[in-house]
Amino acid sequence: MATFQQSPTNEQFHSLFLGPLQAFVSLGVNTSEKLFNAQLNAQKAYVDLGLEQARQLMQVKDAAELRDYMEGQQRVAKTLAERLKGNADQMTSIQRDFFQKSQKLTEENMQKAQQLASSMRETA
């Protein structure tokens, strides 16, 4: 059974193009998944909060209960504001992580390219 031997050209192609491309695609897919899940979780929380408020409003039977409900809306607004801030912070964190990792990948790939160029100059 013959074994496949990669030629130096194939190794260089993988090192310079295919490997970095796969790393960037993987980073993009992972980041997209994190962003999608964060947005999905946020959306669910907002819908649940809205449904809960609608159910509470449907239970109001008199002016006193309506007043209590309306007073409770202050707490709901505070909870919503905190949730929005937390979601914004989470999105910022995911984006910052993506930027840092993509910058690191770019720097690593530039170093590899420079090393390869140097070695090719030496052999020429």
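Preceding block: the structure.
As a starting point, this report considers the structure included with it. Computed from a predicted model, the values in this text were never measured in an experiment.

A few words on helix 2 (residues 63-123). Given 3.6 residues per turn, any residue in an α-helix points the same way as the ones three and four places further on. Here helix 2 contains 61 residues, and its C-alpha end-to-end distance of 89 Å stays within 8% of the 90 Å for a straight helix at 1.5 Å per residue. Those residues of helix 2 that sit buried are Tyr 69, Gly 72, Val 76, Asn 87, Met 91, Ile 94, Ser 102, Leu 105, Asn 109 and Leu 116. Among the residues of helix 2, the N-terminal cap falls to Asp 62, whose side-chain oxygen and the backbone nitrogen of Ala 64 are separated by 3.2 Å.

Our next topic: the pattern of salt bridges. This model, assessed by the stated rule, comprises six salt bridges. A salt bridge links Arg 67 to Asp 68; the shortest N-O distance between them is 3.8 Å. Under the relative-accessibility criterion, Arg 67 is labelled partly exposed at 47%. Of the residues examined, Asp 68 reaches a relative accessible area of 44% and is grouped as partly exposed. Here Lys 85 and Asp 89 are joined by a salt bridge, their closest N and O atoms 3.0 Å apart. Residue Lys 85 and its partner Asp 89 are both found in helix 2; the two are separated by four residues, about one turn of the helix. Judged by relative accessible area, which is 53%, Lys 85 ranks as exposed.

Quick look at the side chain of Thr 31 now. Note on placement: Thr 31 falls in helix 1 (residues 8-58). Look at Thr 31 and you get buried, because its relative accessible area is 10%. Within the local environment of Thr 31, its side chain forms a polar contact with the backbone oxygen of Leu 27, the two atoms lying 2.9 Å apart.

Following the sequence through the fold, Gln 53 ends up in helix 1. Owing to a relative accessible area of 9%, Gln 53 belongs among the buried residues under this scheme. Sequence separation between Gln 53 and Val 29 is 24 residues, and the spatial gap between their C-alpha atoms is 36 Å. When residues no more than four places from it in sequence are discounted, the contact partners of Gln 53 are Tyr 69, Gln 73 and Val 76. Only 2.5 Å separates the side chain of Gln 53 from the side chain of Gln 73, close enough to count as a polar contact.

Parameters and conventions
Residues numbered from 1 in each chain as written. Predicted model: local features only at pLDDT ≥ 70, side-chain atom pairs only at ≥ 80, totals over all residues. Heavy atoms only, no water. Helix = DSSP H or I, 4+ residues; strand = E, 2+ residues; numbered from the N terminus. Expected span 1.5 Å × (residues − 1). Buried < 20%, exposed > 50% of the residue type's maximum accessible area, 1.4 Å probe, protein only. Polar contact = N/O pair within 3.5 Å; in protein donor to acceptor, adjacent residues only side chain to side chain. Salt bridge = Lys/Arg side-chain N within 4 Å of Asp/Glu carboxyl O. Contact = heavy atoms within 4.5 Å.

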